[in-house]
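# Summary of structural features
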Amino acid sequence: MVPLATGFDSGHSIESARRALAARLQSAGIEEPSLDARLLVGAALGLDLTGLITQAARYLAPEEAIRLEAYAQRRLAHEPVARILGMREFWGLPFRLSEATLVPRPDTETVVELALEIFRERTITGRRPRIADIGTGSGAILLALLHEIPEAFGVGTDLSLTALGTARGNAAALGLAGRAAFVACSYASALQGPFDLIVSNPPYIPAGEIPKLSIEVREHDPHLALDGGNDGYDAYRALIPQAAERLVPGGALVVEAGQGQAADIETLMTAAALTVDRPPRSDLGGIPRAVSARKMPP
């Protein structure tokens, strides 16, 4: 067999290629090298986990070896696997990504959990519930909620037309396009209320902290979706009063918070005449991640 001009050649079996890639990623200090190697080999060969197992002894075709090496080089340069594959699973649903969208992270599922808990405490009769997602990106939070609340209609906003196009595509792929609309605007400025539930994962990283983030984040996530201004609260100061105006009495706002930000966000919510009636929901790392408040009836 003639070696190819790559790190892999047609003498590699699928299993040996997976092991070799995992070792290269581990040597480069990549977290979860075994998982990343499995995902990249599967994507390069068009195989799911079952296929990787049942075809483990098969040798790579030349074009497969070339494709796998291209993926390997991108990951070794610290490009996230989700960016390489162009998709990420969130709330058990597949989401396509673009350069204008964040990679949805497990921590953000905490926002969905708390929003569902709050929503299900209310009884809405005689009309369709309405949800808004401010800064929707790929549409992950909004579409996860619409998937769980089949009677609801949702609107996502974003400044980026590219992000909105990605979100629309995800809504269509998930069969939710008929219950979702997407609007280009700053926060909630173009929305007409009222809404029963408003959610957001706004930019909350202080501008001075962005250069200190991991390469995966600072070089591959859109800065527009990261930069929260000098203190990290610019987006909250803008969106919380807008959300308060657009909630129905009894409706709730749920936002994602960065580490150490929950108490200050609650203060901003209270200043906007919202009532904080429960503690923040913590993520798996114990960080208060989802912060909520209600608009109380007059």
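The notes below deal with the structure included here. (Residues numbered from 1 in each chain as written. Predicted model: local features only at pLDDT ≥ 70, side-chain atom pairs only at ≥ 80, totals over all residues. Heavy atoms only, no water.)

The next subject is the overall build of the protein. A tally of regular secondary structure across the protein gives eleven helices and nine strands. Dimensions of the protein, computed from the C-alpha atoms along their principal axes, are close to 80 × 45 × 35 Å. Classification of the 298 residues of the protein by burial places 50% in the buried group. Relative to all contacts within the protein whose residues are 6 or more apart in sequence, the contacts with residues 24 or more apart total 67%. Working note: accessible area of the protein is about 13300 Å², and carbon and sulfur atoms make up 55% of it. (Helix = DSSP H or I, 4+ residues; strand = E, 2+ residues; numbered from the N terminus. Buried < 20%, exposed > 50% of the residue type's maximum accessible area, 1.4 Å probe, protein only. Contact = heavy atoms within 4.5 Å. Areas by Shrake-Rupley, 256 points an atom, 1.4 Å probe, with all protein chains shown as cover.)

The element strand 6 (residues 195-200) is largely enclosed, with a buried count of six among its six residues. Note: strand 6 against strand 7 (residues 247-256), five bridges, orientation parallel. Residue pairing in the sheet places Ser200 in a bridge with Val255 of strand 7. (Pairing = 2+ DSSP bridges.)

Core analysis: the biggest nonpolar cluster contains 31 residues, and Leu145, Leu197 and Val254 have the highest contact counts within it. Those elements giving two or more residues to this core turn out to be strand 2 (93-96), helix 6 (109-119), helix 7 (140-148), helix 8 (161-173), strand 5 (180-184), strand 6 and strand 7. Once residues lying within four places of it in the same chain are set aside, the contact partners of Leu197 are Ala115, Phe119, Arg130, Ile131, Ala132, Leu145, Leu247, Ala252 and Val254. If you look at the next biggest cluster of nonpolar residues, it comprises 30 residues, including Ile134, Phe195, Tyr236 and Met269. (Core = buried A, V, L, I, M, F, W, Y, C linked by side-chain atoms within 4.5 Å.)

Scanning the entire structure with this criterion turns up 25 salt bridges. With a closest N to O distance of 2.9 Å, Glu69 and Arg24 form a salt bridge. Of this pair, Glu69 sits in helix 4 (residues 62-76) while Arg24 is found in helix 1 (residues 14-27), placing the two residues 45 residues apart along the sequence. Judged by its relative accessible area of 8%, Glu69 is buried. The partner of Arg281 in a salt bridge is Glu113, with the nearest N and O atoms 3.8 Å apart. Of this pair, Arg281 sits in strand 8 (residues 281-282) while Glu113 sits in helix 6, and the two are 168 residues apart along the sequence. By relative accessible area, which is 24% here, Arg281 ends up partly exposed. Each of the salt bridges in this network shares a partner with another, and the network as a whole consists of Glu113, Glu117, Glu121, Asp277, Arg278, Arg281 and Arg294. (Salt bridge = Lys/Arg side-chain N within 4 Å of Asp/Glu carboxyl O.)

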